[in-house]
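For reference, the chains in residue letters:
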Amino acid sequence: MRLNRIKEMAMQGVFLLTAITSIAAVVLICIFLFYNGVPAITEIGFLNFVGGQKWAPTNVPASYGILNMIIGSIYVTAGAVVVGVPIGVLTAVFLARFCPAPLYKVLKPATELLAGIPSIVYGFFGLMVIVPFIREHFGGGSSLLAASFVLGIMILPTIIGVSESAIRAVPESYYEGALALGATRERSVFKAILPASKSGILAGVVLGTGRAIGETMAVILIAGNQVQIPSSLTDGVRTLTANIVLEMGYSTGLHRQALIATGVVLFVFILIITLSMQAIKSRSEKYG
Amino acid sequence: MDKFTIKNMNLYYGDFHALKNVELNMQEKRITAFIGPSGCGKSTLLKSLNRMNDLVEGCKITGDIKLNGEDIYGSMDVNILRKRVGMVFQKANPFPMSVYDNIAFGPRTHGIKNKRELDRIVEETLRDAAIWDELKDRLKKSALGLSGGQQQRLCIARALAVKPEVLLMDEATSALDPVSTGKIEELCLRLKDKYTIIMVTHNMQQALRISDKTAFFLLGEMIEYNDTDLIFSSPQDKRTEEYITGRFG
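Points about the overall build of chain A
The helix and strand inventory of chain A stands at 13 helices and two strands. If you line up chain A on its principal axes, its C-alpha atoms span 75 × 75 × 30 Å. Scored against the burial criterion, the 288 residues of chain A give a buried share of 43%. A separation threshold of at least 6 residues defines the contact pool for chain A, and within that pool the share at least 24 residues apart is 71%. For chain A, the exposed surface amounts to about 14900 Å²; the carbon and sulfur share of it is 70%. Computed over 19 positive and 12 negative side-chain charges, the separation of the two mean positions in chain A equals 6 Å.

A few points about the nonpolar core
Judged by nonpolar contacts, the single largest core of 78 residues is most densely connected at B:Phe4, B:Ile6, B:Leu24, B:Phe34, B:Leu45 and B:Ile198. Among the nonpolar cores identified, the runner-up in size contains 46 residues, and B:Ala104, B:Leu118, B:Leu135 and B:Leu146 belong to it.

Description of a nonpolar patch on the surface
All names here are of chain A. The grouping of Ile120, Val121, Phe124, Phe125, Met128, Val129 and Met217 at the surface amounts to a nonpolar patch, some 620 Å² of accessible area in total. The greatest single-element share of the nonpolar patch, amounting to six residues, is contributed by helix α5 (residues 119-137). Tracing the sequence through the fold places Val129 in helix α5.

Remarks on the domain arrangement of chain A
Residues and elements named next belong to chain A. Here chain A is described as being made up of domain 1 (2-56) and domain 2 (67-287). The gap between the C-alpha centroids of domain 1 and domain 2 is 26 Å. Between domain 1 and domain 2, the residue contacts involve 16 residues of the former and 21 residues of the latter. Carbon and sulfur atoms supply 76% of the area that domain 1 and domain 2 bury against each other, a total of about 1600 Å² over both sides. Counting across the domain 1 and domain 2 interface gives zero salt bridges. At the junction of domain 1 with domain 2, the criterion picks out three residue pairs in polar contact (both at pLDDT 80 or more). Where the side of domain 1 that touches domain 2 is concerned, the elements lending two or more residues are α1 (2-44) and α2 (46-51). Of all the elements, α1 adds the most residues to the side of domain 1 that touches domain 2, at ten residues. Of the residues that constitute the side of domain 1 that touches domain 2, the class distribution is ten nonpolar, five polar and one charged.

Remarks on the side chain of B:Thr196
Here B:Thr196 lies in strand β8 (residues 196-200). In this structure B:Thr196 touches B:Lys3, B:Gln27, B:Glu28, B:Lys29, B:Arg30, B:Glu165, B:Val166 and B:Leu167, once residues within four positions along its chain are discounted.

Topic: the interface of chain A and chain B
The partner chain B presents 24 residues to the 17 residues of chain A that form the contact. Across the chain A/chain B interface, buried area totals approximately 1600 Å², and carbon plus sulfur atoms make up 67% of it. Contact with chain B buries area across many residues of chain A, yet A:Tyr174, A:Ala180 and A:Leu181 alone supply 38% of it, more than any other trio. If you look at where chain A meets chain B, you find three residue pairs in polar contact (both at pLDDT 80 or more). Looking at the side of chain A that touches chain B, the elements that each hand over two or more residues are α8 (172-180) and α9 (185-196) of chain A. If one sorts the elements of the side of chain A that touches chain B by residue count, α8(A) sits on top with eight residues. A per-class count over the side of chain A that touches chain B returns ten nonpolar, four polar and three charged.

Concerning empty space enclosed by the protein
Residue and element names in this part refer to chain B. Considering all chains together, one arrives at two cavities of 30 Å³ or more under this definition. Considering the residues around the largest cavity, the lining is formed by Met169, Glu171, Ala172, Thr173, Ile184, Glu185, Cys188, Met199, Val200, Gln206 and Ile210. Counting residues per element, the ones that place at least two in the lining of the largest cavity are α7 (178-191), β8 and α8 (204-210). The leading source of residues in the lining of the largest cavity is α7, at three residues. Broken down by class, the residue content of the lining of the largest cavity amounts to seven nonpolar, two polar and two charged.

Things to note about the pairing of strand β7 (residues 166-170) of chain B
All names here are of chain B. Within β7, five of the five residues are buried, which leaves the element mostly enclosed by the surrounding structure. Both faces of β7 are covered, namely the face carrying Val166, Leu168 and Asp170 and the face carrying Leu167 and Met169. As defined by bridge partners, strand β6 (residues 85-88) adjoins β7 across four bridges and the pair is classed as parallel. Directly across from Val88, in β7, lies its bridge partner Met169. Note that β7 and β8 share five bridges and pair parallel. The residue of β8 that forms the bridge with Leu168 is Ile198.

Parameters and conventions
- Residues numbered from 1 in each chain as written.
- Chains lettered and ligands numbered in written order.
- Predicted model: local features only at pLDDT ≥ 70, side-chain atom pairs only at ≥ 80, totals over all residues.
- Heavy atoms only, no water.
- Helix = DSSP H or I, 4+ residues; strand = E, 2+ residues; numbered from the N terminus.
- Buried < 20%, exposed > 50% of the residue type's maximum accessible area, 1.4 Å probe, protein only.
- Contact = heavy atoms within 4.5 Å.
- Areas by Shrake-Rupley, 256 points an atom, 1.4 Å probe, with all protein chains shown as cover.
- Lys, Arg positive; Asp, Glu negative; His and termini not counted.
- Charge placed at Lys NZ, Arg CZ, Asp CG, Glu CD.
- Core = buried A, V, L, I, M, F, W, Y, C linked by side-chain atoms within 4.5 Å.
- Patch = residues over 30% accessible without salt bridge, like charges linked within 9 Å, V, L, I, M, F, W, Y side chains within 5 Å.
- Salt bridge = Lys/Arg side-chain N within 4 Å of Asp/Glu carboxyl O.
- Domains from an automatic or database assignment.
- Buried area = accessible area lost by both parts, 1.4 Å probe.
- Polar contact = N/O pair within 3.5 Å; in protein donor to acceptor, adjacent residues only side chain to side chain.
- Nonpolar A, V, L, I, M, F, W, Y, C, P; charged D, E, K, R; others polar.
- 1 Å grid on protein atoms, 1.4 Å probe; cavity = no way out; pocket = protein on both sides within 12 Å on 5 of 7 lines; lining within 4 Å.
- Points joined across faces, edges and corners; volume = space filled by probe spheres on them.
- Pairing = 2+ DSSP bridges.

In C-alpha cells:
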C-alpha cells in the first residue's frame, strides 16, 4: 500500500519533470535570444534596425538595417502560401473525399514522405532543377520565384495533413444534407464540407506559414541572397534566416549581436503566428 | 394518382437480402407512413426513393421504382431526382452557416443567384414551414444556435426551398420533445396539400395521427399496406396485429 503510493508519487515526479523540460527549453531560448539581441537593438536604435534599408555591418561606420530582410521573408513566405495553399488544400480534399482506397495507400505515405525530406535536399532540387528552369524561361535564376516555389512544396505536407483531418472531422450528415438537396458530389464537398472545416484548414495554412518563414537551408541555396527589396519575381532576395546563417561564421561584436537580434525579430514573427493559431483554435472550439 | 410505384423490388447489401419483393404504390398529396421494428428495412426503402442508398457500398437494387412513371434508376439524373424528392433526416443536420444560407443552399445549387429572388424564396419557405415568425430576426445568425426542434423545422424548410414534389422524412421527430414533435406533425398535415409525404416512424401513434396510408414491414418484407385507420382498426395479417398491439418490436 505504502509502496504503491511512493511509486505513484515518483511517477508523477517523472511526468512533471518531462513536462517542465519542454517548457524550460522555450523559456531558456527566449531568455538567451532577448538577452543577447535586445542590447544590440537598443544600441543600433529600434527604428534604424527594423526600418533601416542599409545592411553594411563591415563598413566604417557600420549600418545595421534589416528592413530588406524582413520584407524578403514576408515575400518569400507569401509566395510559398500562394503556391502551397491551393495545391495543399485541394490535395487534402481529394485525399479525404475522392481518393479511391488503393490510390490512397500510395498517395498518403507519399505526402508524408515529403515532410521527411531534409531541407538541404529541397535546396539541391531547387538549385539543380528549378533555378535552371527559371533562368531559361524567365531569366534571373536564384530568385524570389524559385524560393517561393520550393517553399510552397515544402509546406505541402503540413497543409495537407492538417486540412485532411479537418475535412474528415466534418460530420457526414452535412454531406448527405447537401446531396439530398440535389447538389452534385463536388458541390456538396466544396460548399457544405469545406466551409464547415475552414477553421481547421486555416490552422493548417498558419502552421505552414510558420514553417515557411523559419525555413533556412533550402532558401539560402536558391533565393540569391542579395540584400534588396525585390522589384520582380525573378529578383534575388535575402530572408531573415538566410542573413543569420550567411554571416554568423565570421561576425564579431555588434555585428554578431545584430544577427542574434535578427533572430529576435524572427522569433516575434513566429510568436504572432502561434498566437493567431491559438486564436483560430479557440474560435473553432466556440463555434464548432 | 400514384406518385411512386414500386414493383418487384429487391435490395441487397452485399449478400444480405434487405428488402424482398416489395410492391407498393404511394399516392400523390397524401402522407404515407412506413412502420415496423428496427432492421425491418423501412428506412432502407425510404432511402431508395431518392437514391441516398447509392452512398452505401455494396448496395444493389433490382426491380422498378418509378416516380410519375419514370424509372428513377434509369436515365434520370440523380441530382434532379433528389431535387424532386427532398429528404429530412433523423437527426437535424443544418449546415454550420446562417439560417438564410441554409435555406438558400438548395436554390443556389440549382442556379438561382438573384438576391431578391433568394430573399423571396427564403421568406416563402420559412413561412411554409411555419417558422418564419420565430426566425425572421435571426436570418443572419448561425443555424447551429437554434433549438433541436427549430433546427429540424429549418431542415424541412431547407428541403422545401428547392420545390420538391415529394418529401421523405426518416424518423424526423424521433430525437425531439413532444411539443416540437407536435409542431412538425401539424406542419406535415398542412404540407400535404402541396406535397407528397412519405415518412418512416417508430412511433405508431404518430402514424395513426397524421398518415393516410400505412405500410407495415417485417424482416425486409412488406407485410401489409392499407388505409391507416384500417391497418390500425382491423389489420388483416396476424403479424401486423401483433406489432400494433405491442406484442413485439
